[in-house]
Amino acid sequence: MALNIEGTIEGSSQLIGGDFTTAGEASTLLKVKLTELGVAEDIIRRAAIATFEAEMNVVIYAAAGWLHYYISPQGIRIRIEDMGPGIADIGLAMQEGYSTAPDWVREMGWGAGMGLPNMKRNSDVFTIDSVVGEGTTVEMVINFP
Ligand SMILES: Nc1ncnc2c1ncn2[C@@H]1O[C@H](COP(=O)(O)OP(=O)(O)OP(=O)(O)O)[C@@H](O)[C@H]1O
Ligand SMILES: [Mg+2]
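Notes on the structure in this doc start here. (Residues numbered from 1 in each chain as written. Chains lettered and ligands numbered in written order. Predicted model: local features only at pLDDT ≥ 70, side-chain atom pairs only at ≥ 80, totals over all residues. Heavy atoms only, no water.)

## Considering the site of ligand 1
The full set close to ligand 1 counts 21 residues, and Tyr-61, Ser-99, Thr-100, Gly-111 and Met-114 are the nearest of them. Taking 590 Å² as the accessible area of ligand 1 by itself, protein coverage stands at 94%. For ligand 1, the cavity whose grid points lie within 2 Å of the majority of its atoms is the largest pocket. The set of elements that each furnish at least two residues to the shell around ligand 1 consists of helix H2 (41-61) and helix H5 (115-121). In terms of residue class, the shell around ligand 1 is made up of 11 nonpolar, 8 polar and 2 charged. (Near = heavy atom within 4 Å. Areas by Shrake-Rupley, 256 points an atom, 1.4 Å probe, with all protein chains shown as cover. 1 Å grid on protein atoms, 1.4 Å probe; cavity = no way out; pocket = protein on both sides within 12 Å on 5 of 7 lines; lining within 4 Å. Sits in = over half its atoms within 2 Å of the grid points. Helix = DSSP H or I, 4+ residues; strand = E, 2+ residues; numbered from the N terminus. Nonpolar A, V, L, I, M, F, W, Y, C, P; charged D, E, K, R; others polar.)

Structure below.
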């Protein structure tokens, strides 16, 4: 966490593929930071949902990744980048109910195919870029009212 010259508060967390014991820590850290800053509850809830879903996708599908957040007077920008298999058809992956989660992941309660649609719904700006065999980057912006 650092305060840069423009008054933006930044933070980063490393994400580890397959590590379900630490999964959720990155989104919790952001939630704590937003709470400390006195951000409105509704905005915190949207940021926490979107970030948690993105974090879980890295844990489930990728080898490793990073979550970066930037909190400015205008809003929150969150970037989640991973090294992983990438997504061949982003249009398909964005559809509600589409999931390639294996059975053992479904047994843990994941794999409803709702993560990406929920991230988009909870963001004011949502972008996803992916290169098959390299990885995926999701960027989300939530503006303050
Ligand atoms: N970071 C990623 N790397 C590779 N594939 C991904 C990544 N994120 C999503 N996907 C692909 O997109 C599909 C849809 O993702 P989404 O998060 O919407 O649903 P899910 O993870 O399958 O289920 P849920 O999020 O509801 O538990 C995934 O099943 C997977 O095939
Ligand atoms: Mg998901």
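## Regarding the side chain of Asp-19
Mapped onto the elements, Asp-19 comes out in the loop between strand S2 (9-16) and helix H1 (25-36). Lys-31 is the oppositely charged side chain nearest to the buried, salt-bridge-free Asp-19, at an N-O distance of 20 Å. A polar side-chain atom of Asp-19 sits 2.5 Å from a polar atom in the side chain of Thr-21. Polar side-chain contacts of Asp-19 include one of 3.0 Å to the side chain of Thr-22. (Buried < 20%, exposed > 50% of the residue type's maximum accessible area, 1.4 Å probe, protein only. Lys, Arg positive; Asp, Glu negative; His and termini not counted. Salt bridge = Lys/Arg side-chain N within 4 Å of Asp/Glu carboxyl O. Polar contact = N/O pair within 3.5 Å; in protein donor to acceptor, adjacent residues only side chain to side chain.)

## What to know about the layout of surface pockets
In this structure, the largest pocket occupies an estimated 610 Å³ of space. As for the largest pocket, its lining consists of 32 residues, of which Asn-57, Tyr-61, Ile-87, Ala-93 and Leu-116 are closest to the centre. Taken together, the elements giving at least two residues each to the lining of the largest pocket come down to H2, strand S4 (75-83), helix H3 (90-93), H5 and strand S6 (135-143). If one sorts the elements of the lining of the largest pocket by residue count, H2 sits on top with 6 residues. Class assignment of the residues belonging to the lining of the largest pocket gives a composition of 19 nonpolar, 10 polar and 3 charged. (Points joined across faces, edges and corners; volume = space filled by probe spheres on them.)

## Brief notes about the pairing of S4
Where strand S3 (residues 64-71) meets S4, 8 bridges bridge the pair, whose relative direction is antiparallel. Paired with Ala-64 across the strands is Met-83, a residue of S4. Counted between consecutive antiparallel strands, the loop separating S3 from S4 contains 3 residues. Bridge count between S4 and S6: 9 bridges; the pairing is antiparallel. Opposite Glu-81, over in S6, you have Thr-137 as the bridge partner. (Pairing = 2+ DSSP bridges.)

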